[in-house]
Amino acid sequence: MPAVWYELKHVCKQSGARYGILHTPHGDFETPIFMPVGTKANVKTLIPEEVKEVSDGLILGNTYHLWLQPGDEVIRDFGGIRGFMNWDGALLTDSGGFQVFSLSKIRKITEEGVMFRHHKSGEKLFLSPEKSIEIQNNLGADIIMSFDECPPFNSSKEYMLESVNRTIRWAKRGKDAHKNPDTQALFGIVQGGGNKEIRKYCLEKLQEIDFPGYSIGGLSVGESKTEMYEMLEYLKTIMPEDKPRYLMGVGSPDDLIVGSINGIDMFDCVLPSRNARHGTAFTSYGKIQVKNLEYKLSQTPLDPECDCYVCKTYKMGYINHLVKSDEILGMRLITYHNLYFLKNLMHNIRKAICEDRLLDFKEEFFKKFGYKL
């Protein structure tokens, strides 16, 4: 068997969503699954033992940031990210490509790779497909990503095609450079912005190279939800059925449900932890801003329907005080709750898929959470 493989177990008769098992060297995971983001080998404000409680055991590390600090060779000498951060679950790393394009002040894209500047120091840096794979080999994640360009969603057809062809060539170079295919699964990344024809072309060319899984990049990058959902609905009809499908950088509750309906197996996003650091909590009845005056005297949990440790232990009024006082504990408690909320949401999505009622679940959840149907 390859390092990572996907086992389709059930297709929801009502929605066409997929329930399956993702097999990795460090665990088997029910899908659809949400993966918390541990950008710098930590999920911000939480210790790994807490991350185990609020995740299904598969998390992300960020290639760009770990390459720059402390360095991929340092992490390699600790036994990879897992040994470095004392994580005994599974890991996925991105390619570093998105940060190159989103954080760099200036960049120059060539066939060889991308010359850009460090987002803090301004130091000149160069990242190529081969270098990205070398870094990820050293980081040691179970699933790693091809180096790609993430073009703006509404780029011209001419530029989009040029970019996608370069991404395809880079994907082939990355696969040729990959040293650990038996222990690390390298995914191809389907780009093409809002152009369905180019998206299909990109997928077909990546399938010719043959990857054990396929990621969908270039969505949730400023386009409308309608545009994103329309593209997901289209991709659902052409993505290979026997390989995992990973939608990169998407993690709001509505997107997780709609993405699952459209055949996505894997999601990640910084949203739940980033929101928490700004005092925003997910609840069964929608998002709330915990520092608002209305919660100052509240003796109820963040979410009366949640059974996470935070909701069973702390009152809203106390967390309101922590957030207004800029206490780190407030960020920690909301982060823990938000991630647990999404873990529970994914459990309910999988249950609804297996019961052939995911569209009914969507309607119930949207009405209760306050989303428009």
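Residues numbered from 1 in each chain as written. Predicted model: local features only at pLDDT ≥ 70, side-chain atom pairs only at ≥ 80, totals over all residues. Heavy atoms only, no water.

K.L.:
Mind showing me how you'd approach the packing of helix 10 (residues 253-261) against helix 15 (residues 358-369) here?
P.N.:
For the pair helix 10 and helix 15, interaxial distance at closest approach is 11 Å and the crossing angle is 170 degrees. With respect to each other, helix 10 and helix 15 are oriented roughly antiparallel. Contact residues: helix 10 offers Pro-253, Asp-254, Ile-257, Val-258, Ser-260 and Ile-261, while helix 15 offers Leu-358, Leu-359, Phe-361, Lys-362, Phe-365, Phe-366 and Phe-369. A per-class count over the contact of helix 10 with helix 15 returns 10 nonpolar, one polar and two charged. (Axes fitted to C-alpha atoms, helices over the stretch in contact; angles between N-to-C directions. Helix = DSSP H or I, 4+ residues; strand = E, 2+ residues; numbered from the N terminus. Parallel < 35°, antiparallel > 145°, perpendicular 65-115°, else oblique. Contact = heavy atoms within 4.5 Å. Nonpolar A, V, L, I, M, F, W, Y, C, P; charged D, E, K, R; others polar.)

K.L.:
Where do I start with the sheet that holds strand 8 (residues 114-117) in this structure?
P.N.:
The strands that make up a sheet pair up through hydrogen bonds in the backbone, lying either parallel or antiparallel. Pairing is antiparallel in the open sheet, where three strands are placed in the order 7-8-9. In the strand order of this sheet, the two ends are held by strand 7 (107-109) and strand 9 (124-127), each with one partner. Averaged over all neighbouring strand pairs, the angle between strand axes comes to 15 degrees, with direction disregarded. Relative to strand 9, strand 8 runs antiparallel, the two sharing four bridges. Bridge pairing links Val-114 to Leu-127 in strand 9. (Pairing = 2+ DSSP bridges.)

K.L.:
I keep staring at helix 15 and nothing clicks. Help me out?
P.N.:
Three or four residues apart is the spacing at which side chains of an α-helix point the same way, because the helix has 3.6 residues per turn. Counted at 1.5 Å a residue, the expected span for helix 15 with its 12 residues is 16 Å, and the 16 Å between its end C-alpha atoms agrees. Listed in full, the buried residues belonging to helix 15 are Leu-358, Phe-361, Phe-365, Phe-366 and Phe-369. End-on, the buried residues of helix 15 take up no more than an arc of 125 degrees, which puts them together on one face. Following helix 15 by one or two positions, Gly-370 has its phi on the positive side, about 100 degrees. (Expected span 1.5 Å × (residues − 1). Buried < 20%, exposed > 50% of the residue type's maximum accessible area, 1.4 Å probe, protein only. Arc of directions from axis to C-beta.)

K.L.:
Is there a simple way to explain helix 6 (residues 129-139) in this structure?
P.N.:
A large share of helix 6 lies buried, amounting to eight of its 11 residues. Within helix 6, burial applies to Pro-129, Ser-132, Ile-133, Ile-135, Gln-136, Asn-137, Asn-138 and Leu-139. Backbone geometry just downstream of helix 6 places Gly-140 in the positive-phi region, at approximately 80 degrees.

K.L.:
Sorry if this is basic, but what is going on with the environment of Ile-216 here?
P.N.:
Mapped onto the elements of the fold, Ile-216 is located in strand 12 (residues 214-216). Accessibility expressed as a relative area gives 1% for Ile-216, which makes it buried. For the pair Ile-216 and Gly-188, spaced 28 residues apart in the sequence, the C-alpha separation amounts to 8.6 Å. Non-local contacts of Ile-216, meaning those with residues more than four positions away in its chain, are made with Val-190, Arg-199, Leu-232, Leu-235, Met-239, Tyr-246, Leu-247, Met-248 and Ile-264.

K.L.:
I tried to follow the sheet that holds strand 1 (residues 5-11) on my own but got confused; where do I start?
P.N.:
Reading across the sheet, the three strands line up as 1-2-3 and stay open at both edges, with antiparallel pairing between neighbours. Since the sheet does not close on itself, it has two edges, and those belong to strand 1 and strand 3 (27-31), each with one partner. Strand-to-strand twist of the sheet, defined as the mean angle between neighbouring strand axes without regard to direction, takes the value 15 degrees. Note that strand 2 (residues 18-24) and strand 3 share five bridges and pair antiparallel. Residue pairing for strand 3: Thr-24 is matched across the bridge by Gly-27. Along the sheet, helix 14 (residues 328-354) contacts strand 1, strand 2 and strand 3; its crossing angle with strand 2, the most-contacted strand, is approximately 125 degrees.

K.L.:
So what exactly am I meant to see when it comes to the pairing of strand 9 here?
P.N.:
The side chains of a regular strand alternate, residue by residue, between the two faces of the sheet. In strand 9, alternate side chains face the same way, and those of Leu-125 and Leu-127 are buried while those of Lys-124 and Phe-126 on the opposite face are not. Connecting strand 8 to the antiparallel partner strand 9 that follows it, the hairpin turn spans six residues, and Gly-122 within it adopts a positive phi of roughly 85 degrees.

K.L.:
What is the right way to look at the pattern of salt bridges in this model?
P.N.:
Opposite charge on two side chains lets them pair, provided their charged atoms get close. Going through the model one piece at a time under the given rule, you end up with 25 salt bridges. As a salt-bridge pair, Glu-162 and Arg-166 come within 3.7 Å of each other at their nearest N and O atoms. Of the two residues, Glu-162 and Arg-166 are both situated in helix 7 (residues 157-177); the distance of four residues between them amounts to about one turn of the helix. Among the residues examined, Glu-162 registers a relative accessible area of 42% and is labelled partly exposed. Judged by relative accessible area, which is 7%, Arg-166 ranks as buried. One salt bridge connects Lys-172 with Asp-176, and the closest N-O pair in it is separated by 2.8 Å. In this pair, Lys-172 and Asp-176 both sit in helix 7, four residues apart, roughly one turn of the helix. (Salt bridge = Lys/Arg side-chain N within 4 Å of Asp/Glu carboxyl O.)

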